[in-house]
Amino acid sequence: MNQYDLNLILNPNLSAEQVQIEKDYIETTLKNSGAEMSNLDDVGNRRLAYAIDKDREGYYLMYTIKAGGNPEKDIASTLRLRDHVRRVLVVKDRPEWKTKKA
């Protein structure tokens, strides 16, 4: 199993209950695809570089997951079908990209 970063941008106008529903759905999707969630960074609303669906902000969720196979196909394609999900990005975590500070 490889480690991946799963980054999502949700609709910024969601209530706390709606955000929790989206988080539960994402975790269920991860479990159904055989992935393991190791970390969740709930950043909250942040300003976007460009407008998405006329919104200048987005609600950011950043997951660290361990998955086998092709998570772009399995997980991201399922999450893109949700109405409140604006963007999905899956990036393979590679140790050589991380720099060590002296």
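Look a little higher up for the structure.
Everything in this summary refers to the structure shown in the same document. (Residues numbered from 1 in each chain as written. Predicted model: local features only at pLDDT ≥ 70, side-chain atom pairs only at ≥ 80, totals over all residues. Heavy atoms only, no water.)

Counted by the stated rule, this structure contains zero aromatic pairs. Over the ring of Tyr-25 we find Arg-82; its NZ or CZ atom is 4.0 Å from the centre of that ring. (Phe/Tyr/Trp six-rings, centres within 6.5 Å; stacked < 30°, edge-to-face > 60°. Lys NZ or Arg CZ within 6 Å of the ring centre and 35° of its normal.)

Another aspect to go through is the sheet that holds strand 2 (residues 36-52). Sheet architecture is open: four strands sit in the order 2-3-1-4, paired in antiparallel fashion. Each having just a single partner strand, strand 2 and strand 4 (85-92) make up the two edges of the open sheet. Strand-to-strand twist of the sheet, defined as the mean angle between neighbouring strand axes without regard to direction, takes the value 20°. Sheet topology note: the strand 2/strand 3 (residues 55-67) ladder contains eleven bridges and is antiparallel. Bridging from a neighbouring strand, Asn-45 pairs with Tyr-59 of strand 3. Across the face of the sheet, helix 2 (residues 71-79) comes into contact with strand 1 (2-10), strand 3 and strand 4 while running at roughly 165° to strand 4. (Pairing = 2+ DSSP bridges. Helix = DSSP H or I, 4+ residues; strand = E, 2+ residues; numbered from the N terminus. Axes fitted to C-alpha atoms, helices over the stretch in contact; angles between N-to-C directions. Contact = heavy atoms within 4.5 Å.)

With that settled, the discussion passes to the nonpolar core. In this structure, Leu-6, Leu-8, Ile-26, Leu-30 and Tyr-63 are the most contacted members of the largest nonpolar core, which totals 20 residues. Counting residues per element, the ones that place at least two in this core are strand 1, helix 1 (16-32), strand 3, helix 2 and strand 4. The element contributing the most residues to this core is strand 3, with five residues. In this structure, Leu-30 is in contact with Leu-6, Ala-35, Met-37, Tyr-63, Ile-65 and Ile-75, ignoring residues within four places of it in sequence. (Core = buried A, V, L, I, M, F, W, Y, C linked by side-chain atoms within 4.5 Å. Buried < 20%, exposed > 50% of the residue type's maximum accessible area, 1.4 Å probe, protein only.)

A few words on the environment of Asn-13. The topology assignment puts Asn-13 in the loop between strand 1 and helix 1. Look at Asn-13 and you get exposed, because its relative accessible area is 58%. In this structure, the C-alpha to C-alpha distance between Asn-13 and Asp-55, residues 42 residues apart in sequence, is 9.2 Å. In contact with Asn-13, not counting residues within four places along its chain, are Gln-18 and Asp-55.

Further remarks concern the pairing of strand 1. Relative to strand 3, strand 1 is paired through nine bridges, and the arrangement is antiparallel. Bridge pairing links Asn-7 to Met-62 in strand 3. In this sheet, strand 4 lies alongside strand 1 in antiparallel orientation, the contact comprising seven bridges. The residue of strand 4 that forms the bridge with Leu-6 is Val-90.

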